Amino acid sequence: MTDILITNGRVIDPANQVDEVCDVWIESGKVAGVGKFDGAAKKTIDAKGLIVCPGLIDMHVHLREPGEEWKEDIESGSQAAVAGGITTICTMPNTEPCIDHAGIVLQVIARAKEIGLCNLRPIGAVTRNLKGTELTEMRELSRSGAVAFSDDGKPVWHAGVMRKALEYSSSFGYLIIQHAEEKQLTEGGSVNEGWVSTQLGVQGMPVEGEDSMIARDIMLTRRADARYHVAHISSKGAVEQVRLAQKQGLKVTTEAAPHHFALTEDEVLNFNADAKMSPPLRTEEDRLAVIEGLRDGTIEVIATDHAPHHEDDKRCGLSCAAFGIVGLETMLPVSLDLERAGVLPMVDLIAKMTANPAKLLNLPEGSLSQGNAADICIFDPNKQWMLDREKLRSKGRNTPWHGRTMTGQVEYTLKDGRVVFEKGEIRV
Amino acid sequence: MPKPLFGLKHLFGIGDLSREQITSLVNLGDDFIDINSRSIKKDATLRGRTVINLFFENSTRTRTSFEIAGKRLSADVINISASTSATKKGESLLDTGQTLAAMQPHVLVIRHSVAGTCEFLSEFLEDTALINAGDGSHEHPTQILTDLLTLKRSMGDIQGKTMTIVGDIAHSRVARSHMLAAKIMGYNVRIVAPKTLLPAFVENYGCEVFHDFDAALKGTDILYMLRVQTERLTTNCYFPSIREYHETYGLNMKRLKAAGDHCMVMHPGPMNRGVEIATDVADSMKSLILEQVEHGVAVRMAALTALCGGATEE
Ligand SMILES: [Zn+2]
């Protein structure tokens, strides 16, 4: 007798090019089959009208443990993830202490295992203490479980160090993820530089801050023959540069955060610090360029840049508020707008949150292949609900979508064949 | 002036030599090994000749090797090191060279941090033979002749054999000279390093490039470990730490065994034990490192002889 049968759902598994109404059955925590199931099951989930897909992967997440657990910890972050249908999170290393040492990689992985809700795959720091001057022991970090390297939160600003980081990492095939921001251009800025920043009377961050850093990095990537990934791409110029680099055969990839394809700088016109992030929300032209990048495949991955902050760090005026918004619980409904708007077919959209990040980071997750861990997301693409920030699983309340109607809701999340989230409740 | 042998006026780099010239120098060095093991280590070959060791960079080992080589052949050897040299008083390299040449030595042996120093000086110093004892990251011909002599004595003909050079290729004159020598003498060179320690277009030397040391071991006959300049290289982000370097590119017994029983180990010295090479490997039966030092004297005797040991034209 099989353990769990998920029946009647529209099964979408981009890695295996599956998109059909059929069954998924699970034995000993693993996917035992996708297709037509005959037999008995201990538990049956009727997924009629729902979409069944691999558990989502979010390759850009900031949890604040160790160091700032009042903002978020691995437990609250894991709960937020599974509430959003996400079963694998890749966490950025800008914790306190930062993830620049094998011991800390092992520590955060162990903590996530103990909680048992989702996989945590840490991204190691490129430079020690994120200072941008000395390389971390990437081989050692990789062996301990780091899946890529980034100083995210900050750029690897020093061109010479970035060159060495790309060369060293590419000697072993590792991916470098860059927070592309030329600080000499963006220093002191809070929002995109433009008509909005002028009206608000706050200092802006020019789009060239992002674009010039990417231009520099692409040149260095070419020389090093490296694997370079632009985090949270937000501008038209940046998307064009990545597209050109890909056409030239360079191993340049990128990801977009839902807020950058869903919102524009107009969100901050009321001084709303919950729409302040880096890179900032930009113009409609930039937003459409990001959408086009998603449509034509230049942008292969959707990732949230989930960045929880404490109220105190956000309620202090736009100029001094911390950068970042939470995203784990809104990734799926916001992204589904791309399908509803006809930008992407459902299978391609799901691929950007499952198979594509898995491939980029060489993760075993992201598909319903037989024998894979049964990490599964089951959602209703049409169900509407009101986002109330007080009900978020994340400790962070900083979301621009508070009070808005979201379309698309996660009904079940399974991890290793266990239901860990069911109809609004976390199951431990 | 004495007539040079083997058609050699100067010794700038391995890359300038023919296969015959290299073979002749190595064979002559081989002949001199005998003198070095006698109880009275003296020969009259260079009696009446003057050799000046002009070292702008510290290198006790190479300078001593040249000094002993000259003295064993009865030459008058003068050492001038950078700390006492006139250049500290603001004199140019050319002035120093010309001043010393005016005192009519037969050979100037020069070590300098600027690549091409010997080539530069040779345009102005007509009657003095010059030996490059290491110039910048360019060439170090007597080290490579030494290695070839050591290999000849330990494994015979090295044609078709594979030498794997590991470490800081970018700053290594030894690696560069070996890649040139390999082409002339018909052995293969593999180089192993992270990209941060490789010079641009290094594959144009015709060597195989590896980043994974373990992958390069199979089929290797000679493992040539380069010195790691620990402080300089970590602060410049060439690699993250000594520890990770040793893990990834250090030679330990396990790797030596994986290369196979026939594989021999070389190092140009001085070694960082526990960094590029583990102590048990350095001191093992497979290590040729002390032979390299010993044969260095013989090869430098050969080089000095080649440049000023022939019959004097009167
Ligand atoms: Zn970032």
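It should be noted that the structure appears before, not after, this text.
Numbering of residues starts from 1 in each chain and follows the order in which that chain's sequence is written. In the order they appear in the text, chains get letters beginning with A and ligands get numbers beginning with 1. Totals for whole chains, interfaces and linings use every residue, but because this is a predicted model, local features are given only for residues with pLDDT of at least 70 and side-chain atom pairs only at 80 or more, for both listing and counting. Processing note: side-chain calculations cover all non-hydrogen atoms of the structure and skip hydrogens and water entirely.

Draft legend 1. Spotlight on the overall build of chain A. A count of helical and extended segments in chain A gives 14 helices and 19 strands. A radius of gyration in this sense is built from C-alpha atoms; the matching globule rule multiplies 2.2 Å by the number of residues raised to 0.38. Against the globule reference of 22 Å for 428 residues, chain A gives a C-alpha radius of gyration of 20 Å, in line with a compact fold. Along the longest, intermediate and shortest principal axes, the C-alpha atoms of chain A span 65 × 45 × 40 Å. Expressed as a percentage of the 428 residues in chain A, the buried residues total 64%. Strands here are runs of E lasting at least two residues and helices are runs of H or I lasting at least four, both read from the DSSP assignment and numbered beginning at the N terminus. To sort residues, take the accessible area from a 1.4 Å probe on protein chains only and compare it with the maximum for the residue type: under 20% means buried, over 50% means exposed, and anything in between is partly exposed.

Draft legend 2. Structural context of the overall build of chain B. The helix and strand inventory of chain B stands at 12 helices and 9 strands. Taken over the C-alpha trace, chain B has a radius of gyration of 19 Å; the compact-globule value for 314 residues is 20 Å, and the two agree within 12%. Burial statistics for chain B: of 314 residues in total, 59% are counted as buried. We call two residues in contact when some of their heavy atoms are within 4.5 Å. Taking as baseline every contact in chain B between residues at least 6 positions apart, the subset at least 24 positions apart corresponds to 74%.

Draft legend 3. Geometry of the interface of chain B and chain A. Taken residue by residue, the interface counts 17 residues in chain B and 20 residues in chain A. For any pair of parts, buried area is found by adding up, for both, the accessible area (1.4 Å probe) each one loses once the two are put together. Taken over both partners, the interface formed by chain B and chain A buries close to 1500 Å², and the fraction arising from carbon and sulfur atoms is 51%. Throughout this description, the term salt bridge denotes a Lys or Arg side-chain nitrogen within 4 Å of a carboxyl oxygen of Asp or Glu. Where chain B touches chain A, the interface holds 3 salt bridges. We note a salt bridge from Glu140 of chain A to Arg243 of chain B, for which the minimum N-O separation is 2.9 Å.

Draft legend 4. Focus on the sheet that holds strand S6 (residues 56-61) of chain A. All names here are of chain A. When DSSP finds two or more bridges between a pair of strands, those strands are recorded as paired. Strand order in the open sheet formed by 3 strands is S6-S7-S8, and the pairing between neighbours is parallel. Looking at the sheet topology across the chains shown, the edges are occupied by S6 and strand S8 (119-122). The mean inter-strand angle of the sheet, taken between neighbouring strand axes irrespective of direction, is 20 degrees. Both S6 and strand S7 (residues 86-91) contribute to a ladder of 4 bridges, which runs parallel. For Ile57, the partnering residue across the bridge sits in S7 and is Thr88. A fitted line through C-alpha atoms represents every axis, and for helices the fit uses only the stretch in contact; the resulting angles, taken between N-to-C directions, go from 0 to 180 degrees.

Draft legend 5. Layout of the coordination of the zinc ion. Residue and element names in this part refer to chain A. Counted as donors are the N, O and S atoms within 2.8 Å of the metal, or 3.2 Å for Na, K and Ca, while water is not among the atoms, so some sites may look incomplete. Distances from the zinc ion to its protein donors, Asp152 (OD), His179 (ND1) and His232 (NE2), fall at 2.0 to 2.2 Å. Sequence spacing of the donors to the zinc ion: D-x26-H-x52-H. Taken as a pair, Asp152 in the loop between strand S9 (149-150) and helix H4 (159-171) and His232 in the loop between strand S13 (227-230) and helix H8 (236-247) lie far apart in primary sequence, 80 residues in all. For Asp152, a relative accessible area of 2% gives the class buried.

Draft legend 6. The sheet that holds strand S10 (residues 175-178) of chain A, seen in detail. Residue and element names in this part refer to chain A. In space, the 5 strands of this open sheet follow the order S9-S10-S13-S14-S15, with parallel pairing throughout. Only two strands of the sheet have a single partner each, and these edge strands are S9 and strand S15 (301-302). Bridge analysis of S13 against strand S14 (residues 251-256) gives 4 bridges, and the strand direction is parallel. The residue of S14 that forms the bridge with His229 is Thr253.

Draft legend 7. Highlighting helix H12 (residues 331-340) of chain A. Residue and element names in this part refer to chain A. Counting buried residues along H12, 7 of its 10 residues qualify, which places the element largely inside the surrounding structure. Looking only at H12, the buried set comprises Met331, Leu332, Pro333, Val334, Ser335, Leu336 and Leu338. At the exit of H12 stands Gly342, carrying a positive phi of roughly 80 degrees.

Draft legend 8. Geometry of the pattern of salt bridges. Under the definition given, this model contains 41 salt bridges over all chains. When the shortest N-O distance is used, the salt bridge between Lys395 of chain A and Asp73 of chain A registers 3.0 Å. Highlighted residues: Lys395 of chain A in the loop between strand S16 (376-386) and strand S17 (405-415) and Asp73 of chain A in the loop between S6 and helix H1 (74-83), separated in sequence by 322 residues. Of the residues examined, Asp73 of chain A reaches a relative accessible area of 15% and is grouped as buried. Its salt-bridge partner being Arg173 of chain B, residue Glu57 of chain B comes within 3.1 Å of it at the nearest N-O pair. Taken as a pair, Glu57 of chain B in the loop between strand S1 (50-55) and helix H2 (60-72) and Arg173 of chain B in helix H6 (residues 173-185) lie far apart in primary sequence, 116 residues in all. Taken together, the shared-partner salt bridges connect Glu137, Glu140 and Arg143 of chain A together with Arg243 and Glu247 of chain B into one network.

Draft legend 9. Looking closely at the environment of His259 of chain A. Residue and element names in this part refer to chain A. Topologically, His259 is positioned in helix H9 (residues 258-262). Between the C-alpha atoms of His259 and Ala112, which are 147 residues apart in sequence, the distance is 27 Å. If we skip the residues at most four places from it in the chain, His259 touches Met277, Leu281, Thr304, Asp305, Ile325 and Trp401.

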